Number of protein chains: 2
Amino acid sequence: MNILINNTSILTMNGENEVLKNASIAIENDRIKYIGEILEDFKADKAIDGSKKVVMPGIINAHTHMAMSLFRNYADDLPLWEWLSEKIWPIEDKLIGEDVYWGSMLSLIESIKSGVTCFSDMYFFMDDTAKAALELGIRARLAWGMVGENAEDNTRFDLTRRFYNDWQGKGDGRITVMAGPHAPYTCSPEYLKRVSEFAKEMKIGIHIHLSESKKETDENYEKFGKSPIKLAYDQGIFDVPTAAAHCVHLSDEDIDILAKKGVSVIYNPGSNLKLGNGFTRVKELMEKGVNIALGTDGASSNNNVNMFEEINLAAIVNKGVNKEPTCIPAMTALEMATKNGAKALGLDKEIGSLEVGKKADLIIIDLNKPHFYPIHDVVAAMVYSAQAADVETVIINGKIIMENYKIQNIDLEKVYENVEKSIARLLE
Amino acid sequence: MNILINNTSILTMNGENEVLKNASIAIENDRIKYIGEILEDFKADKAIDGSKKVVMPGIINAHTHMAMSLFRNYADDLPLWEWLSEKIWPIEDKLIGEDVYWGSMLSLIESIKSGVTCFSDMYFFMDDTAKAALELGIRARLAWGMVGENAEDNTRFDLTRRFYNDWQGKGDGRITVMAGPHAPYTCSPEYLKRVSEFAKEMKIGIHIHLSESKKETDENYEKFGKSPIKLAYDQGIFDVPTAAAHCVHLSDEDIDILAKKGVSVIYNPGSNLKLGNGFTRVKELMEKGVNIALGTDGASSNNNVNMFEEINLAAIVNKGVNKEPTCIPAMTALEMATKNGAKALGLDKEIGSLEVGKKADLIIIDLNKPHFYPIHDVVAAMVYSAQAADVETVIINGKIIMENYKIQNIDLEKVYENVEKSIARLLE
């Protein structure tokens, strides 16, 4: 389908003409055909009036566990290890694929409603998350969580290979696969070594948790005499394109390693704060040239998958931490959620900015609301004034997934019912 | 009018039975008549089905400058003093009453839409803010900003007295007046002394900014050999019920003074972060028993008046700062925005919790949205999952001000037009 959005403000996020006024953008099938001047012979099947609206690249949630919406508001304000070991892990042990499907559906519907067009997820029963993503039309980069002590154990390597064979490129290329070694505190060094070799052989990237909590970081030093980052580095993880989630407890050497190896850090400000983990050294990472993307983490530690909150937090929290109101300007925070996210997932040739020839993953935000007036600076407005509910239209891979706040062809009541049914069984 | 809300979840915030399920609440004229069991002879003029909804006390924005929405997204990511002295103050000098009216209208409409039923404001041309509050039906505690070196200058004392005479108790008692000495860096010690005597004589509370930025705090020590808090204390400010905004840069002695004198601290997490001022010592203040309320500050340093963001920040930021996921549990953050706000404004006998006999200032939040499922804990849901746009209905002083997301009898386009006209003239 050919779509034309007219008379609108466009945040291209392309590093040059980043804000266009009274501009138009044309979509032909799954790609952006024109931005700015639209050739007269372009025939639109659908025209959208973009006045008093902003068109920007779809938001990329670069680290999440969508199915964990099942545990939303179930156990909060608890010490981290009590929360994990007494609340989350016992019910995760009882999960079946169906639970993951409904939990993923719920979070993905919330994601689309809040402007997310692509997400990177690591969890269990990933076929069910893939199925939900396929059905809803969202772009997904999926990793089946790998944990293990024994590097000879083939189970999860076989699983990831099977998952890759089943899903890589499905949904017109929307679904792609990564390797997902959970973390150095759940994988032995030998196991991590084998994951790095496996990922190289499979030609896939790696999605891993690193240095999220002080406890795991301290214990890594005690057990191995080095940081989790250094351990991952020594095991060859960073020889493969890696997206490292959290990275809260970093030494200067860690930052140098991340920079040298081109590792993308996925910053999860909401979850890091809520779980009491603290502050990622965003300013220092950026000064060393590390690519920083944004994620919500799961809705059990957030408690939503609302990327507008994370964008706002990325901008304001680092100003507070560094006592610098100029730290992480609005555009930088928006980049984290768009082009940096695309880079972190190895998708920057296709998505992350609005450029002719790129995939048409974009969202329309309705400015005609009291909290956007007077309209001075649309970049600042997106970062400091917007809320998720301002996203009006979502286009992914050239398809209109949500229009005028409504996602087509979903049965929300059925999703709610099945989510409630799942969690009731899990808590039995 | 008699209103009955049935079959709903009620967050009473009354310190005892704080969450009621499948409960009802009845309003007779401007007050709450029953909660829980509704006597059969109660005749409702209007019944509201509260299923899959939460009823809670209206949110209190205890420190804001509503008219500053005019400067929203106009100058961001700048050093604090450059922002103030080069951007904000020069256009504030050109303000006229009409600007303040339209700026206040805009922010008050946004406030109502995001669940605020009472606000405390300090600014110029306060008759115009009062007029907007009167027309919209919101509860207001208003202070005309007082700045001065010369304590013999009667200008702003006369102004506050006149403002008090004109507005105290207007709108069925919704509008009340405070004295508003701006800050120790804009009022001389002698001036502050006279304000304290004036407030005592007038029997009104005080709304003041204290220790917001490091610069003003350091300069206060240099100039007067003591902290802004100690200075205000020595000048008798705290002998009057005082709401002190910001209080970011606090010594241990400052905290002791605030506790001993029963000063309420108005915590503005969003503004404090965005302007690079840093972190209010919330945990230590609470440990000493200081009452902490919440505010947005003006929309020029936030950049909205969305109290749901502040509630969320209050809960998560302090967990991060203290590395304690148990710090500021959800209920504590909600209290800051309701009962503590009422206490800070000296209105706790009338508002801040849902109790029989109190004023009917309450809001209804619609839980029937993906980001609230599964519904485990409605307190956590309000703090960690909600967004402002989830507020469906707002009742103030027993009157329905917003129903089903619509504020009655407002002409939004006219507000937008006049706001744009004002700011265009101010920037000329």
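Structure first, text after, so check above.
Scoring rules and cut-offs
- Residue positions are given per chain, counting from 1 as you read along its sequence in written order.
- Going through the entries in the order they are written, you letter the chains from A and number the ligands from 1.
- Residues qualify for local features only when their pLDDT is at least 70, as the model is predicted, and side-chain atom pairs are given and counted only at 80 or more; totals for whole chains, interfaces and linings, by contrast, use all residues.
- Hydrogens and waters are ignored; side-chain quantities use all the structure's heavy atoms.
- Helix numbering and strand numbering both begin at the N terminus, where a helix is a DSSP run of H or I of at least 4 residues and a strand a DSSP run of E of at least 2.
- Note on method: radius of gyration uses C-alpha positions; expected globular size equals 2.2 Å times residues raised to 0.38.
- We call a residue buried when its accessible area falls under 20% of the maximum for its residue type, exposed when it is over 50%, and partly exposed in between, using a 1.4 Å probe and counting protein chains only.
- Two residues qualify as a contact provided that any one of their heavy atoms is within 4.5 Å of a heavy atom in the partner residue.
- Positive charges come from Lys and Arg alone, negative charges from Asp and Glu alone, with His and the N- and C-terminal ends not counted.
- A charge is said to be at NZ when it belongs to Lys, at CZ for Arg, at CG for Asp and at CD for Glu.
- In the cavity and pocket records, a cavity denotes points on a 1 Å grid over the protein atoms alone where a 1.4 Å probe fits but cannot get out, a pocket denotes an open set with protein on both sides within 12 Å along at least 5 of 7 lines, and lining residues are residues with an atom within 4 Å of a point.
- Grid points are joined across faces, edges and corners, and a volume is the space filled by probe spheres set on the points.
- Summed over both partners, the accessible area (1.4 Å probe) lost when two parts come together is defined as the buried area.
- The salt bridge definition used is simple: a Lys or Arg side-chain nitrogen within 4 Å of an Asp or Glu carboxyl oxygen.
- In the analysis that follows, any N or O atom pair within 3.5 Å is treated as a polar contact, provided that within protein one partner can donate a hydrogen and the other can accept it, and provided that, for residues neighboring in sequence, both atoms belong to side chains.
- Residue polarity follows a fixed list, in which Ala, Val, Leu, Ile, Met, Phe, Trp, Tyr, Cys and Pro are nonpolar, Asp, Glu, Lys and Arg are charged, and the others, Gly among them, are polar.
- Our arc is simply the arc of the directions from the helix axis toward the C-beta atoms.
- For every element, the axis is a line fit to its C-alpha atoms; helices are fit only across the contacting stretch, and the angle between N-to-C directions ranges from 0 to 180 degrees.
- Relative orientations are named as follows: roughly parallel for angles under 35 degrees, roughly antiparallel for angles over 145 degrees, roughly perpendicular for angles from 65 to 115 degrees, and oblique for any other angle.
- It is the rotation of the near helix from the far one that decides the hand of a crossing: anticlockwise by less than a right angle makes it left-handed, clockwise makes it right-handed.
- Pairing of aromatic rings covers Phe, Tyr and the six-membered ring of Trp, with a centre-to-centre limit of 6.5 Å; geometry is then stacked below 30 degrees between planes, edge-to-face above 60, and tilted otherwise.
- Nine residue types can take part in a nonpolar core, namely buried Ala, Val, Leu, Ile, Met, Phe, Trp, Tyr and Cys, and a core is a set of them joined through side-chain atoms within 4.5 Å.
- Least-squares superposition of the copies uses the C-alpha atoms of those residues scoring a pLDDT of at least 70 in each of them.

S.K.: Help me out: how do you make sense of the overall build of chain A in this one?
M.R.: Broken down by element type, chain A carries 15 helices and 17 strands. Computed over the C-alpha atoms, the radius of gyration of chain A is 21 Å, within 12% of the 22 Å expected from 2.2 N^0.38 for a compact globule of 428 residues. With the C-alpha coordinates of chain A rotated into their principal frame, the extents come out at 65 × 45 × 40 Å. A total of 428 residues make up chain A; the buried ones form 65% of that total. Considering only contacts within chain A whose residues lie at least 6 apart along the sequence, 73% involve residues at least 24 apart. For chain A, the distance from the average site of its 47 positive side-chain charges to the average site of its 63 negative ones is 3 Å.

S.K.: Even after reading the chapter, I still don't get empty space enclosed by the protein, so can you show me in this structure?
M.R.: Sizing a probe to match a water molecule and rolling it over the atoms shows the empty space that remains. In total, this model carries three cavities of 30 Å³ or more according to the counting rule given. In this model, the largest cavity occupies a volume close to 200 Å³. Together, 18 residues line the largest cavity, and E309 and N312 of chain A together with N306, E309 and N312 of chain B are the ones closest to its centre. Mapped onto the lining of the largest cavity, the elements with two or more residues apiece are α11 (307–322) of chain A together with α11 (307–322) of chain B.

S.K.: Would you take a moment to explain the interface of chain A and chain B for this structure?
M.R.: Many descriptions give the size of an interface as the accessible area lost when the pieces come together. Across the boundary between the two partners, chain A contributes 67 residues, which contact 67 residues of chain B. In total, chain A and chain B occlude about 4,900 Å² of area from one another, counting both sides; carbon and sulfur atoms represent 60% of this. Counting across the chain A and chain B interface gives four salt bridges. Here K319 of chain B ties to D77 of chain A by a salt bridge, and the two come within 3.2 Å at their closest N and O atoms. At the boundary of chain A with chain B, the tally comes to 31 residue pairs in polar contact (both at pLDDT 80 or more). Elements with a contribution of two residues or more to the side of chain A that touches chain B: α2 (97–113), α9 (269–274), α11, α14 (378–385) and α15 (412–426) of chain A. Grouping the amino acids of the side of chain A that touches chain B by side-chain chemistry returns 34 nonpolar, 18 polar and 15 charged.

S.K.: Would you mind showing me how to read helix α1 (residues 80–92) of chain B here?
M.R.: For an α-helix the count is 3.6 residues per turn, leaving residues at separations of three or four pointing the same way. Taken as a whole, α1 of chain B has its buried residues at L80, W83, L84, I88, I91 and E92 of chain B. Along the axis of α1 of chain B, the buried residues cluster in a sector spanning 115°; they form a single face.

S.K.: Is there a simple way to explain the packing of helix α4 (residues 155–167) of chain A against helix α5 (residues 189–202) of chain A in this structure?
M.R.: Axes are the key here: two packed helices are described by the angle between their axes and the distance separating the axes. All names here are of chain A. Two numbers describe how α4 lies on α5: the axes approach to 11 Å, and their chain directions differ by 25°. The orientation of α4 with respect to α5, classified from their angle, is roughly parallel. Crossing hand, α4 versus α5: right-handed. Only Y191, R194, V195, F198, E201 and M202 of α5 make contact with α4, whose side of the interface consists of R156, F157, T160, R161 and Y164. Grouping the amino acids of the contact of α4 with α5 by side-chain chemistry returns six nonpolar, one polar and four charged.

S.K.: Whenever I open this one, the layout of surface pockets confuses me. Can you help?
M.R.: Of the pockets and cavities examined, the largest pocket occupies roughly 1,200 Å³. Along its surface, the largest pocket is lined by 47 residues, and K369, A389 and Y405 of chain A together with K369 and A389 of chain B are the ones closest to its centre. If you list the elements that add at least two residues to the lining of the largest pocket, you get α2, β17 (406–407) and α15 of chain A together with α2 (97–113) and β17 (406–407) of chain B. Along the lines of polarity and charge, the residues of the lining of the largest pocket split into 21 nonpolar, 15 polar and 11 charged. Of the voids in this model, the second largest pocket is the one considered here, and its volume is about 620 Å³. Lining the second largest pocket are 30 residues, with W89, E92, Y123, F124 and H182 of chain A positioned closest to its centre. Within the residue set of the lining of the second largest pocket, elements represented by two or more residues are α1 (80–92) and β7 (116–123) of chain A.

S.K.: What should I look at first to understand the side chain of T12 of chain A in this one?
M.R.: Residues and elements named next belong to chain A. Within the secondary structure, T12 is located in the loop between β1 (2–11) and β2 (19–28). On the basis of relative accessible area, T12 is assigned to the buried category, the value being 2%. Apart from the residues lying within four places of it in its own chain, the contact partners of T12 are N17, E18, L20, P57, S353 and L354.

S.K.: Is there a simple way to think about the packing of aromatic side chains in this case?
M.R.: Two descriptors summarise a pair of aromatic rings, namely the distance from one centre to the other and the angle between the planes of the rings. Tallying each qualifying case throughout the model produces 19 aromatic pairs over all chains. The interplanar angle of 75° and the centroid separation of 5.9 Å between the aromatic rings of W144 of chain A and F163 of chain A together place this pair among those described as edge-to-face. In this pair, W144 of chain A sits in strand β8 (residues 139–146) while F163 of chain A sits in helix α4, placing the two residues 19 residues apart along the sequence. Each member of the pair W144 of chain A and F163 of chain A is classed as buried. When the centroid spacing of 6.0 Å and the interplanar angle of 85° are considered together, the rings of Y34 of chain B and F42 of chain B count as edge-to-face. Residue Y34 of chain B shares its accessibility class with F42 of chain B, and that shared class is buried.

S.K.: Even after reading the chapter, I still don't get the environment of H246 of chain B, so can you show me in this structure?
M.R.: Residues and elements named next belong to chain B. Assignment of secondary structure puts H246 in strand β11 (residues 242–246). Here H246 falls in the buried class, since its relative accessible area comes to 0%. With 73 residues separating them in the primary sequence, H246 and K319 have C-alpha atoms 19 Å apart. Setting aside residues no more than four positions away along its own chain, H246 makes contact with H63, H209, L210, E212, V265, I266, N268, S271, N272, T280 and D297. One polar contact links H246 to D297, side chain to side chain, over a distance of 3.5 Å.

S.K.: What is the right way to look at the nonpolar core in this model?
M.R.: Soluble, globular proteins show a tendency: their nonpolar side chains are buried together. By size, the foremost hydrophobic cluster in this structure holds 240 residues, and its most contacted members are F71 and M382 of chain A together with F71 and M382 of chain B. Excluding its chain neighbours within four sequence positions, the residues that come into contact with M382 of chain B are L11, V54, M56, F308, L334, I365, L367 and F372 of chain B.

S.K.: Is there a simple way to explain the relation of the copies chain A and chain B in this structure?
M.R.: Expressed as a screw transformation, the operator carrying chain A onto chain B has a rotation angle of 180° and an axial translation of 0.0 Å, and the superposed copies differ by an RMSD of 0.0 Å. Expressed as an axis order, the relation between the two copies is that of a two-fold axis. Minimal C-alpha distance to the rotation axis in chain A is attained by A389 of chain A, lying at 3.2 Å. Comparing interface residues between copies, 100% of those in chain A also lie at the interface in chain B; the contact surface is shared.

S.K.: Before we go on, may I ask you to explain the pairing of strand β10 (residues 206–210) of chain B in this structure?
M.R.: Remember that side chains alternate between the two faces of the sheet whenever the strand is regular. When you tally the buried positions in β10 of chain B, you get five out of five residues, the bulk of the element. Across the two faces of β10 of chain B the burial is the same, with I206, I208 and L210 of chain B and H207 and H209 of chain B all buried.

S.K.: I tried to follow unusual backbone geometry on my own but got confused; where do I start?
M.R.: Glycine aside, the phi torsion of most residues is negative, and most peptide linkages are trans. With an omega dihedral of 0°, the bond running from N302 of chain A to N303 of chain A counts as a cis peptide bond. Mapped onto the fold, N303 of chain A is located in the loop between β13 (292–294) and α11. A positive phi angle, close to 55°, is found at N7 of chain B, a residue other than glycine. Of note, N7 of chain B is situated in strand β1 (residues 2–11).

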